[in-house]
Amino acid sequence: MAHILVIGGGIAGTASALALHKAGSQVTVYEAHPEPAADTGAFLTLASNGMRALAQVDASAAVTAVGFPLRSMRVLDDTGAVVAHVPLGEAADPLLRYRCLRRGELAAALRAEAAHRGIGIRHGARLVSVRDAPDGVTAHFADGSTATGDLLVGADGLNSVVRQETAPAVRPSYAGQRVFYGYTDDPLVAEENGQESERITMVRGSTTAFGYAVSPDGETYWFARVAGEPLAADEIAHGTPAHWRDLLLPLLCQDTTPAAGIVTATTDRLMVTNATELPTGTPWRSGRTLTIGDAAHAASPATGQGASMALEDAVVLAKCLRDAPDTGTALSRYETLRRPRVEENITVSGNISRGTPPTSRPGRGAPAPRPGDEELVRHLAWHTDLWAETGGDRP
């Protein structure tokens, strides 16, 4: 039984722990935060591919207990006219429907599931360095403690410490847009958009891409993507909801869509970030160390696929390690299978953020055909031997 160290207790890390544990590995998760992060961040959409990955590690029930489903997407132009209304993903299957939920809710649901299965999660373990040796890999933490395993999986996000070990020259870069996120439970907004149940609406504004969905409880989740120079880190750290609203509203008021009214009704739960991405070709591996999820292939949020891609990573990695004859060939096969798919997402999402989207991608949450979609179902299916499925020979 391999002993695997997972660095990062967020979505990618905890999902990987679930998958690796199911595949028969001994797994421990090391999370830098001393306590589970509070649910104060942005929301996300899990697409059908992400929901399919969750089903393979028996985590569907844990995740569908939070958030709400999305069956369709409506697209409006800058006048508020409907230009498209399409089903989202595999809407007919309750387990595979798109789901809208807060990032913190998803991470908490996965952590609870991991704890239920007896997977160890150590909080307050801030990684400072990794030492790779022929007989194992050792993580060194800020408190002076260490942990040694057969493989270290870096799932520690955009500013990954693990990536500094595998690709020290790589730095995240700005993808061309500021992204605003907010929530409002204003009853008038909910009443005006009461017909929005289980639907996300995308607005192709004259200067801003906007999207919103209304929860069954009448809370409106929304985002806005705005082109421009990146905001300074200090401004993001100290900006207030009122400041962000004042930046955004003049742009939205140029159009006759619901966007301005939704943002006006948002009083305190409003945040902003710079859309960021990693370059394609970023090295993922060094010896017994591998990065996954945003640590390896962060994309701008324009396609809404970041969390779903991380969940795919988790399942494919676990299956490669389970099915391949040794760890080295397993990691090579994992990279061969994952890199074309995730790097296509980086490219497409970055093009949308920079204003050159393919016509097939109207915005965040849209159905997104990618290389390997037909193969993905087979690759994720837990009962299939991934090594045999992809042409591997047994020694």
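Below is a short write-up of the structure. (Residues numbered from 1 in each chain as written. Predicted model: local features only at pLDDT ≥ 70, side-chain atom pairs only at ≥ 80, totals over all residues. Heavy atoms only, no water.)

Side note on the overall build of the chain
Next up, step 1: Of regular secondary structure, the chain possesses 14 helices and 19 strands.
Next up, step 2: Relative to a compact globule of 395 residues, whose C-alpha radius of gyration would be 21 Å, the chain shows 21 Å and is just as compact.
Next up, step 3: Along the first, second and third principal axes, the C-alpha atoms of the chain reach 65 × 45 × 40 Å.
Next up, step 4: The contacts of the chain with a sequence gap of at least 6 include a subset with a gap of at least 24, amounting to 73%.
Next up, step 5: Surface accessibility of the chain: about 15,600 Å² in total, with carbon and sulfur atoms responsible for 53%.
Next up, step 6: Of the charged side chains in the chain, 35 are positive and 45 negative, and the gap between their average positions amounts to 3 Å. (Helix = DSSP H or I, 4+ residues; strand = E, 2+ residues; numbered from the N terminus. Rg over C-alpha atoms; globule rule 2.2 N^0.38 Å. Contact = heavy atoms within 4.5 Å. Areas by Shrake-Rupley, 256 points an atom, 1.4 Å probe, with all protein chains shown as cover. Lys, Arg positive; Asp, Glu negative; His and termini not counted. Charge placed at Lys NZ, Arg CZ, Asp CG, Glu CD.)

Observations concerning the side chain of threonine 28
Next up, step 1: Tracing the backbone shows threonine 28 in strand S2 (residues 26–31).
Next up, step 2: Not counting residues within four places of it along the chain, the set of residues in contact with threonine 28 comprises His3, Ile4, Leu5, Val6 and Gly120.

Comments concerning the packing of aromatic side chains
To describe a pair of aromatic rings, one takes the distance between the centres and the angle between the planes.
Next up, step 1: Throughout the structure, instances matching the rule amount to nine aromatic pairs.
Next up, step 2: Centroid distance phenylalanine 43 to tyrosine 183: 6.2 Å. Interplanar angle 65 degrees. Geometry classified as edge-to-face. Here phenylalanine 43 is found in strand S3 (residues 43–46), whereas its partner tyrosine 183 is found in strand S13 (residues 173–184), with 140 residues between them in sequence. Exposure class is identical for phenylalanine 43 and tyrosine 183. Each is buried.
Next up, step 3: On the numbers, 6.2 Å between centres and 50 degrees between planes, the contact of phenylalanine 210 with tyrosine 212 is tilted.
Next up, step 4: A network of ring pairs unites the aromatic residues Phe43, Phe68, Tyr181, Tyr183 and Tyr221 as a single cluster.
Next up, step 5: The aromatic ring of tyrosine 183 is capped on one face by arginine 102, whose charged end is 4.3 Å from the ring centroid.
Next up, step 6: Here arginine 322 stacks its cationic end above the ring of tryptophan 382, 5.0 Å away from the centre of that ring. (Phe/Tyr/Trp six-rings, centres within 6.5 Å; stacked < 30°, edge-to-face > 60°. Buried < 20%, exposed > 50% of the residue type's maximum accessible area, 1.4 Å probe, protein only. Lys NZ or Arg CZ within 6 Å of the ring centre and 35° of its normal.)

Some thoughts on the sheet that holds strand S17 (residues 270–277)
Each strand in a sheet pairs with its neighbour through backbone hydrogen bonds, running either in the same direction (parallel) or in the opposite one (antiparallel).
Next up, step 1: Spatial ordering of the open sheet is given by S6-S5-S14-S15-S16-S13-S17, a layout of seven strands whose pairing is mixed. Of all strands in the sheet, those bounded by a partner on one side alone are strand S6 (82–87) and S17. Taken pair by pair, the neighbouring strands of this sheet meet at an average axis angle of 20 degrees, ignoring direction.
Next up, step 2: Alignment of strand S5 (residues 72–76) against strand S14 (residues 199–204), held across five bridges, turns out to be parallel. (Pairing = 2+ DSSP bridges. Axes fitted to C-alpha atoms, helices over the stretch in contact; angles between N-to-C directions.)

A word on the pattern of salt bridges
Next up, step 1: Applying the stated rule across the entire model yields 16 salt bridges.
Next up, step 2: Salt-bridge contacts for arginine 269 lead to aspartate 185; the nearest nitrogen and oxygen are separated by 3.9 Å. Pair noted here: arginine 269 is in the loop between helix H9 (259–264) and S17 and aspartate 185 is in the loop between S13 and helix H6 (187–192), with a separation of 84 residues, a long-range link.
Next up, step 3: In this structure arginine 269 comes out as partly exposed when scored by relative accessible area, which is 26%.
Next up, step 4: The exposure class of aspartate 185 is exposed, given its relative accessible area of 55%.
Next up, step 5: Its salt-bridge partner being arginine 338, residue glutamate 312 comes within 2.7 Å of it at the nearest N-O pair. Residue glutamate 312 is located in helix H11 (residues 306–323), and its partner arginine 338 is located in helix H12 (residues 327–353); the two are separated by 26 residues in the primary sequence. For the pair glutamate 312 and arginine 338, a shared accessibility class is recorded, and that class is buried.
Next up, step 6: The network of salt bridges with shared partners includes Arg102, Asp185, Glu219 and Arg269. (Salt bridge = Lys/Arg side-chain N within 4 Å of Asp/Glu carboxyl O.)

Focus on the nonpolar core
Next up, step 1: With 54 residues, the main nonpolar core has Ile11, Leu46, Leu54, Leu106, Leu110, Ile292 and Tyr334 as its most contacted residues.
Next up, step 2: At ten residues, the largest contribution of residues to this core is made by H11.
Next up, step 3: Residues Leu76, Phe210, Trp244 and Ala260 belong to the second largest nonpolar core, which totals 21 residues. (Core = buried A, V, L, I, M, F, W, Y, C linked by side-chain atoms within 4.5 Å.)

Brief notes about the environment of leucine 44
Next up, step 1: Mapped onto the elements, leucine 44 comes out in strand S3.
Next up, step 2: As a C-alpha pair, leucine 44 and glycine 67 span 23 residues in sequence and 9.8 Å in three-dimensional space.

Structural notes on the environment of aspartate 246
Next up, step 1: With respect to the element layout, aspartate 246 can be found in helix H8 (residues 241–252).
Next up, step 2: A residue is classified by how much of its surface remains accessible, and aspartate 246, at 55% relative accessible area, is exposed.
Next up, step 3: C-alpha separation for the pair aspartate 246 and glutamate 31, spaced 215 residues apart in sequence, amounts to 36 Å.

Digging into unusual backbone geometry
Most peptide bonds adopt trans geometry, and most residues besides glycine take a negative phi value.
Next up, step 1: Phi angles above zero are rare outside glycine, and aspartate 58 is one such case at about 60 degrees.
Next up, step 2: Along the chain, the position of aspartate 58 falls in the loop between helix H2 (48–56) and helix H3 (60–64).

Some words on the sheet that holds strand S11 (residues 146–149)
Next up, step 1: As summarised here, the arrangement of the three strands in space is S9-S10-S11, forming an open sheet in which the pairing is antiparallel. Since the sheet does not close on itself, it has two edges, and those belong to strand S9 (127–133) and S11, each with one partner. Neighbouring strand axes in the sheet, compared pairwise and without regard to direction, differ in orientation by 20 degrees on average.
Next up, step 2: By the bridge criterion, six bridges tie S9 to strand S10 (residues 136–141) in an arrangement that is antiparallel. Of the residues in S10, the one forming a bridge with arginine 131 is threonine 138.

Comments concerning the pairing of S14
Next up, step 1: Across the six residues that make up S14, a large majority, five, are buried.
Next up, step 2: In this sheet, strand S15 (residues 208–214) lies alongside S14 in antiparallel orientation, the contact comprising five bridges. Pairing of methionine 202 across the sheet is with glycine 211, part of S15.
Next up, step 3: The hairpin formed by S14 and S15 contains three residues between the paired strands.

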